[in-house]
Amino acid sequence: MSKKEMIAMLLAGGKGTRLGVLTKEIAKPAVPFGAEYRLIDFPLSNCSNSNIDTVGVLTQYEPLVLNSYIGNGSSWDLDRRDGGVRVLPPYIREGGGSWYKGTSHAIYENIKYIDLYDPDYVLVLSGDHIYKMDYSVMLEDHKATGADASIAVMEVPWEDTNRFGVMITDDNKRIVDFQEKPDDPRSNLASMGIYIFNWPMLRDYLQRDAENPDSSGDFGNDIIPAMLKDKLHLNAYTFSGYWKDVGTINSYWQAHMDLLKEDNMGLNLYDRDWVIYSVNPNRPPQYLSSEAKVRNSMINKGTKIQGEVENSVIFYGVEIGRNAIIKDSVIMPNVKIEDGAYINKAIIGQNSLIKDNARIGIGDAINYNVTVIGESETIINGAKIEHGSIVG
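If you're wondering where the values come from, they're calculated on a predicted model, not measured in any experiment.

1. Focus on helix H1 (residues 41–49)
Now for step 1: In terms of residue burial, H1 counts as a mostly covered element, since 9 of its 9 residues are buried.
Now for step 2: Asp41, Phe42, Pro43, Leu44, Ser45, Asn46, Cys47, Ser48 and Asn49 are the residues of H1 that are buried.
Now for step 3: Asn51 sits one or two positions beyond H1 and adopts a positive phi of about 60°.

What follows is the structure, encoded as structure tokens:
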């Protein structure tokens, strides 16, 4: 293997428990998104567009769909003989083995893979965030500051800081302290789960951490605090574009609604200069009948629409019957919605059947919550499902 300046390690083994029924049978990075994609398409496309040609994808929970989807990486131009994309599940070695305990432990377990390319830097990514970023620009900033590690950060609303690791920095963007999901935050600079490490330094910390029986094997809980304790130079790389952690039902639904805004908040899926690639099997064109009404929505190929769709995202293979009304909703692949059904502010899991005149997401319009129907569910004729319900 030839030497690489930087390779990427993509953490894609998460169960995504906060997404509930949407991740019952698939890993979180494999969850469909944006009518056309899966969550993992975003970091893989960012790597390709940033000219990073060697990517290790660390899988664990329900890997079958994800492994099949990634294949040889050709969809992202990562089918390389020297490098390319490689799926890296947990494995047994002489003397035993274990599941990945946490984010840093997953990297530790694949030290041999990284050493094959003798990189100067390792880029660590999450497989389940929605954003577009040029990692080569972050690398240049990392080298210019002379940092041992760089962590991508962005400002988040103060009320959301308890969902993130929060960085406290000095006037030179040097990280001086770190709070993991604080109740009393001292900063609103949230870690985006994107790291660049000098590889020889990180390798040493991973090995030392693996010898600590009290470690949880996590970057946020173990590695970053240890580096701060040792006074290493940790640089905060500030990102100002669109970024969304879609780890909850509400954030997943909101990210889809963001796609439908005219300014799309910087997440432009139609940007030919920074394409988000995906696996695209052949499908027939979409069909809109003479009775169909579609407003401010994304409609993928292979769909058949005879009803009304407003402010919604419709994945491939969806059928919507006559007089059906879909509003403010996300309809996942191969869902069939029969005549007269009504769906409002809902996520409908793939391969589900919504029968005639069923009503999903009904109730008081004040504090309206997202309704979720899991994968392969059947909602019977005339059923009434209150807003905020979860079926599956």
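Having seen the model, we can carry on.
2. Section: the packing of aromatic side chains
Now for step 1: Inspection of the entire model under this criterion finds 10 aromatic pairs.
Now for step 2: Their ring planes at 65° and their centres at 5.7 Å tell us that Tyr69 and Trp76 sit as a pair that is edge-to-face. Note on accessibility: Tyr69 and Trp76 belong to one class, buried.
Now for step 3: Connected via pairs of aromatic rings, a cluster forms that spans Phe33, Tyr37, Phe42 and Tyr252.
Now for step 4: Over the ring of Tyr69 we find Arg38; its NZ or CZ atom is 5.1 Å from the centre of that ring.
Now for step 5: Across the ring face of Trp253, the terminal group of Lys345 is positioned such that the distance to the ring centre comes to 4.8 Å.

3. Side note on the environment of Ile111
Now for step 1: Within the secondary structure, Ile111 sits in helix H4 (residues 111–115).
Now for step 2: Look at Ile111 and you get buried, because its relative accessible area is 7%.
Now for step 3: Sequence separation between Ile111 and Arg203 is 92 residues; the distance between their C-alpha atoms is 7.5 Å.
Now for step 4: Excluding anything up to four places from it in sequence, Ile111 contacts Trp199, Arg203 and Gln207.

4. Topic: the nonpolar core
The nonpolar side chains of soluble globular proteins are, as a tendency, buried together.
Now for step 1: Within the largest apolar cluster, 68 residues are counted, with the highest numbers of intra-cluster contacts made by Met133, Ile194 and Tyr252.
Now for step 2: Of all the elements, helix H8 (residues 249–259) adds the most residues to this core, at 6 residues.
Now for step 3: Contacts of Met133, omitting those with residues within four sequence positions, involve Asn46, Ser50, Met138, Ala152, Met192, Ile194, Tyr237, Phe239 and Trp274.
Now for step 4: Val124, Phe197, Leu206 and Leu228 belong to the second-largest nonpolar core, a separate cluster that totals 36 residues.

Thresholds applied
- Residues numbered from 1 in each chain as written.
- Predicted model: local features only at pLDDT ≥ 70, side-chain atom pairs only at ≥ 80, totals over all residues.
- Heavy atoms only, no water.
- Buried < 20%, exposed > 50% of the residue type's maximum accessible area, 1.4 Å probe, protein only.
- Helix = DSSP H or I, 4+ residues; strand = E, 2+ residues; numbered from the N terminus.
- Phe/Tyr/Trp six-rings, centres within 6.5 Å; stacked < 30°, edge-to-face > 60°.
- Lys NZ or Arg CZ within 6 Å of the ring centre and 35° of its normal.
- Contact = heavy atoms within 4.5 Å.
- Core = buried A, V, L, I, M, F, W, Y, C linked by side-chain atoms within 4.5 Å.

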